[in-house]
Amino acid sequence: MKKLALLFFGLSLLVTTGCNNSNEIVIEEPIIGFWQPQKEVVTTVEVGEQPISDVITYTDCQKQSRWWFSTEITGKRIDVEDPITGTACNILPDKNFTYSYDKSSKALQMKYQGVVAPENTKVVTLDATTLNLSIRVETEDPTIYKTRTITFKRVSPKP
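Residues numbered from 1 in each chain as written. Predicted model: local features only at pLDDT ≥ 70, side-chain atom pairs only at ≥ 80, totals over all residues. Heavy atoms only, no water.

- Identification of the protein as Lipocalin-like domain-containing protein from Chryseobacterium jejuense is taken from an unreviewed UniProt entry.

Below is the structure:
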């Protein structure tokens, strides 16, 4: 009887510890595609103080902007602003860039006309529909840290 109880205990222990889902593989979506900006959160942290976050919801004109990451490691930024005069949205000149994305560190480096953008950019979220870029903004005061987090929605199908 003791052997049967020991066998039952051993099987119960094997069943409860053998089915562990902690080894799930999460596949990150590619950054390649067209992305539409949705909103921006600016967080300011002053040493010794509580962080302050401001949410900036983009206007309909601003949501017409697109960031395009192509397969050739090049891209284009098309910014659209609210009208200066009249009712039509103001389309700004395209900004071509090259980029490199390190999946392991999630660092994104962009170069506009060969000049590296001064921001320290990280990919916070990247899935089939959402891209969140966290951009650290340099300030003149070393006790103040600012971060802009831009939320994008994928507007083109996956490559």
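From this point, the narrative continues.
1. Focus on the packing of aromatic side chains
Moving on, step 1. All told, the structure shown has 6 aromatic pairs when counted by the stated rule.
Moving on, step 2. An angle of 15° between the planes, with centres 5.7 Å apart, marks the rings of Phe-34 and Trp-68 as stacked. Here Trp-68 lies in strand E3 (residues 66-69) and Phe-34 lies in strand E1 (residues 33-46), a separation of 34 residues in the sequence.
Moving on, step 3. For Trp-68, a relative accessible area of 30% gives the class partly exposed.
Moving on, step 4. Centroid distance Phe-69 to Tyr-99: 4.9 Å. Interplanar angle 90°. Geometry classified as edge-to-face. Taken together, the positions of Phe-69 in strand E3 and Tyr-99 in strand E7 (residues 95-102) put the pair 30 residues apart, joining distant regions of the chain. Of the two residues examined, Phe-69 and Tyr-99, each falls in the buried class. (Phe/Tyr/Trp six-rings, centres within 6.5 Å; stacked < 30°, edge-to-face > 60°. Helix = DSSP H or I, 4+ residues; strand = E, 2+ residues; numbered from the N terminus. Buried < 20%, exposed > 50% of the residue type's maximum accessible area, 1.4 Å probe, protein only.)

2. A few points about the state of the cysteines
Moving on, step 1. One pass over the full model with this rule turns up 1 disulfide.
Moving on, step 2. Here Cys-61 is linked by a disulfide to Cys-89, with a sulfur-sulfur distance of 1.9 Å. As the torsion about the S-S bond is roughly -75°, the Cys-61-Cys-89 disulfide counts as left-handed. Separated by 28 residues along the polypeptide, Cys-61 in the loop between strand E2 (52-57) and E3 and Cys-89 in the loop between strand E5 (80-81) and strand E6 (90-91) bring together distant segments of the chain.
Moving on, step 3. For Cys-61, a relative accessible area of 9% corresponds to the buried category. (Disulfide = S-S within 2.5 Å.)

3. Describing the layout of surface pockets
Moving on, step 1. Each pocket or cavity is described by its volume, and for the largest pocket that value is around 460 Å³.
Moving on, step 2. As for the largest pocket, its lining consists of 25 residues, of which Trp-67, Arg-77, Asp-79, Arg-148 and Ile-150 are closest to the centre.
Moving on, step 3. Contributing elements (two or more residues each) for the lining of the largest pocket: E1, E5, strand E8 (107-112), strand E11 (130-137) and strand E12 (144-154).
Moving on, step 4. Counting residues per element, the lining of the largest pocket draws most heavily on E8, which supplies 4 residues.
Moving on, step 5. Considering only residue class, the lining of the largest pocket consists of 15 nonpolar, 4 polar and 6 charged. (1 Å grid on protein atoms, 1.4 Å probe; cavity = no way out; pocket = protein on both sides within 12 Å on 5 of 7 lines; lining within 4 Å. Points joined across faces, edges and corners; volume = space filled by probe spheres on them. Nonpolar A, V, L, I, M, F, W, Y, C, P; charged D, E, K, R; others polar.)

4. Here we look at a nonpolar patch on the surface
Moving on, step 1. A grouping of Phe-34, Trp-68 and Val-155 is seen on the molecular surface, where their side chains present a nonpolar patch of about 230 Å² in accessible area.
Moving on, step 2. Here Val-155 is to be found in the segment after E12.
Moving on, step 3. According to the relative accessible area criterion, Val-155 is partly exposed, its value standing at 35%. (Patch = residues over 30% accessible without salt bridge, like charges linked within 9 Å, V, L, I, M, F, W, Y side chains within 5 Å. Areas by Shrake-Rupley, 256 points an atom, 1.4 Å probe, with all protein chains shown as cover. Salt bridge = Lys/Arg side-chain N within 4 Å of Asp/Glu carboxyl O.)

5. Overview of the pairing of strand E4 (residues 74-78)
Moving on, step 1. The alternating pattern of E4 places Gly-75 and Arg-77 on a buried face, while none of Thr-74, Lys-76 and Ile-78, on the opposite face, is buried.
Moving on, step 2. Across 4 bridges, E3 lies against E4 in antiparallel orientation. Each residue of the ladder has a partner; that of Arg-66, found in E4, is Ile-78.
Moving on, step 3. Connecting the antiparallel pair E3 and E4 is a turn made up of 4 residues, with Ile-73 showing a positive phi of about 65°.
Moving on, step 4. The sheet contact formed by E4 and E7 spans 4 bridges and is antiparallel. Bridged to Arg-77 within E7 is Lys-95. (Pairing = 2+ DSSP bridges.)

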